[in-house]
Amino acid sequence: MKPGRLALLLALPLGIALAAAAGARADEAAIPGVHDAYQARTDYQLKCQGCHRPDASGDDHSNPPMRGIVARFLSVPGGREFIGRVPGVATVDLPDDRLANLVNWTIYRFDRAHVPPGFKPYTAEEIGRLRQNPLRLERAGMRARLVAAFAKTNND
Ligand code: HEC
């Protein structure tokens, strides 16, 4: 094979990969409340996916799925606050602005379809306030009540 041709063959997949990466970035650039999607993705990988899994599918025993469901909390009373107060969110070692960036990214990345109309993204101030009161043992009961209330919304 001529060297020029080989170079072309090698360059092609690289070009496709670069184009795909740029496409993913363009998608994520449009997420409300997310000023740095790359940072959010990295923070998710480092701080969240160990429990929630890379695709946010969770597991069957202790760690809930977020894919296709997490934004439903935003449509029930108390759900918005709950998200900012669960220990995995509230106690993570990230500053408020990076955490707001990450929570907004998580909601849109894994459950855009359930984001209620008019949802205002979390701000660093709001996250900073909510995380001062991390939920403790009461969280299982609170979560069960919120999930039961999903059925009363028309946000399926
Ligand atoms: C040690 C495991 C663990 C880690 C790490 C973790 N979570 Fe969670 N997360 C949970 C569990 C368990 C729940 C259910 C509520 C509870 O018991 O805390 C939960 C609940 C949530 C909820 C509320 C939705 C629901 O279904 O209850 C959100 C949102 C969330 N986590 C986001 C995150 C984000 C974002 C991170 C990374 C910053 C993270 N979690 C890190 C285990 C974890």
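None of these values were measured; they are calculated from a predicted model.

A. Looking closely at the overall build of the protein. When you go through the protein residue by residue, the secondary structure sums to 8 helices and 0 strands. Each helix and strand of the protein, ordered N terminal to C terminal, gives the series α-α-α-α-α-α-α-α. Burial status across the protein gives 23% buried among its 156 residues. A separation threshold of at least 6 residues defines the contact pool for the protein, and within that pool the share at least 24 residues apart is 70%.

B. Inspection of the site of the ligand at higher detail. In the region of the ligand, 22 residues are neighbours, and Lys-47, Cys-48, Cys-51, Pro-64 and Gly-88 sit closest. For the shell around the ligand, the secondary-structure elements that each account for two or more residues are α3 (49-52), α5 (87-90), α6 (96-111) and α8 (139-150). Partitioned by chemical class, the residues of the shell around the ligand number 13 nonpolar, 6 polar and 3 charged.

C. How the structure looks around the packing of helix α2 (residues 37-47) against α6. The N-to-C vectors of α2 and α6 enclose an angle of 85°; their axes lie 9 Å apart at closest approach. On the basis of the axis angle, α2 is roughly perpendicular to α6. Where α2 approaches α6, its residues Ala-37, Gln-39, Ala-40, Asp-43 and Tyr-44 are matched on the opposing element by Arg-98, Asn-101, Leu-102, Trp-105 and Thr-106. Per-class residue counts for the contact of α2 with α6 are 5 nonpolar, 3 polar and 2 charged.

D. Molecular detail of unusual backbone geometry. One non-glycine residue, Arg-53, adopts positive backbone phi at about 75°. Tracing the sequence through the fold places Arg-53 in the loop between α3 and α4 (79-85).

E. Seen up close, the environment of Gln-39. Within the fold, Gln-39 resides in helix α2. Along the sequence, Gln-39 and Arg-98 sit 59 residues apart, while their C-alpha atoms lie 7.9 Å from each other. Other than its neighbours up to four places away in sequence, Gln-39 contacts Arg-98 and Asn-101.

F. A look at the nonpolar core. Core analysis: the biggest nonpolar cluster contains 22 residues, and Val-70, Leu-99, Val-103, Trp-105 and Ile-127 have the highest contact counts within it. Those elements that provide at least two residues to this core are α2, α6 and α7 (124-130). The dominant element in this core, judged by the number of residues it contributes, is α6, at 8 residues.

G. Expanded view of α6. Between its first and last C-alpha, α6 extends 22 Å over 16 residues, near the 22 Å set by a 1.5 Å rise per residue. Counted residue by residue, α6 has 13 buried out of 16 residues, so it is predominantly covered.

H. The arrangement of the environment of Glu-126 in detail. Checked against the element boundaries, Glu-126 lands in helix α7. On the basis of neighbour counts, which here come to 17 C-beta atoms within 10 Å, the residue Glu-126 falls in the partly exposed class. Each C-alpha atom, one on Glu-126 and one on Asp-96, is 8.7 Å from the other, the two residues being 30 residues apart in sequence.

The rules behind each value
- Residues numbered from 1 in each chain as written.
- Predicted model: local features only at pLDDT ≥ 70, side-chain atom pairs only at ≥ 80, totals over all residues.
- Helix = DSSP H or I, 4+ residues; strand = E, 2+ residues; numbered from the N terminus.
- Buried ≥ 20, exposed ≤ 12 C-beta atoms within 10 Å, placed from the backbone.
- Contact = placed C-beta atoms within 7 Å.
- Near = placed C-beta within 6 Å.
- Nonpolar A, V, L, I, M, F, W, Y, C, P; charged D, E, K, R; others polar.
- Axes fitted to C-alpha atoms, helices over the stretch in contact; angles between N-to-C directions.
- Parallel < 35°, antiparallel > 145°, perpendicular 65-115°, else oblique.
- Core = buried A, V, L, I, M, F, W, Y, C linked by C-beta atoms within 7 Å.
- Expected span 1.5 Å × (residues − 1).

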